[in-house]
Amino acid sequence: MIHALNKIIDWVENIMVVILMLVATVVAIVQVVARYVFNNSLYWSEELILYSLITMSFLAASMGVRYAAHISVEMLYAFAGPRLTRVLKYVATLLGFAFAATLVYYGGRLFINTSNMGQLSPAMQVPVAYIYLTIPVAGAFMLVRYLLIFQTLVAGKDYKPLATTMSAT
């Protein structure tokens, strides 16, 4: 079940990051053209670009878990024996899980509190709570990733991160 959920999260993250990057890029280009060609700027463009980048950052944190791209002290594994290395991997996974759970809990509280206040963004007048919803969603995605890593470690296997392949052709 975790593997199926992981694949769904992969798909959602990839689509969302591509869409958000496209939106931020197109809006930035349109803003530059509007400002310098038509001498009239879009008052909401900077806010939309900022919210797109914030959302991409939180989604990228979850993707970083999947691709094993977060900072780690792998030199420690070189000096530790196989048994201690295994323990260190469990500890790192549990700490990551605790961090993700913290994001879900406090991000959820922030979303609920902001939603109850009815705060709107200055330029676009959208509820700021929707922007804050990114925090617990990304935390939930990270929880699933860490559960997958933990399940792999319990099964006695090494976690194989999703490979990023680039070719010249």
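The structure this text deals with has already been given above.
Residues numbered from 1 in each chain as written. Predicted model: local features only at pLDDT ≥ 70, side-chain atom pairs only at ≥ 80, totals over all residues. Heavy atoms only, no water.

What to know about the packing of helix α4 (residues 82-117) against helix α6 (residues 134-154)
So, step 1. Look at α4 against α6: their axes get within 8 Å of each other, and the N-to-C directions meet at 160 degrees. Classified by the angle between their axes, α4 and α6 sit roughly antiparallel to one another. Regarding α4 and α6, the two cross each other, and that crossing is left-handed. (Axes fitted to C-alpha atoms, helices over the stretch in contact; angles between N-to-C directions. Helix = DSSP H or I, 4+ residues; strand = E, 2+ residues; numbered from the N terminus. Parallel < 35°, antiparallel > 145°, perpendicular 65-115°, else oblique. Left-handed = near helix turned anticlockwise from the far one by under 90°.)

With respect to the nonpolar core
So, step 1. Counting residues in hydrophobic clusters, the biggest one holds twelve residues: Ala61, Val65, Ala100, Leu103, Ile135, Met142, Leu143, Tyr146, Leu148, Ile149, Leu153 and Tyr159.
So, step 2. Only α2 (45-66), α4 and α6 provide two or more residues apiece to this core.
So, step 3. Looking at this core, the element that brings in the most residues is α6, giving seven residues.
So, step 4. Those residues within four positions of Leu143 in sequence are excluded, and the remaining contacts are Phe97, Ala100, Ala101 and Val104.
So, step 5. If you look at the next biggest cluster of nonpolar residues, it comprises eight residues, including Leu20, Leu59, Met63 and Phe141. (Core = buried A, V, L, I, M, F, W, Y, C linked by side-chain atoms within 4.5 Å. Buried < 20%, exposed > 50% of the residue type's maximum accessible area, 1.4 Å probe, protein only. Contact = heavy atoms within 4.5 Å.)

Details of the environment of Tyr67
So, step 1. Along the chain, Tyr67 falls in the loop between α2 and α3 (75-79).
So, step 2. Residues Tyr67 and Thr93, 26 residues apart in the sequence, show an inter-C-alpha distance of 14 Å.

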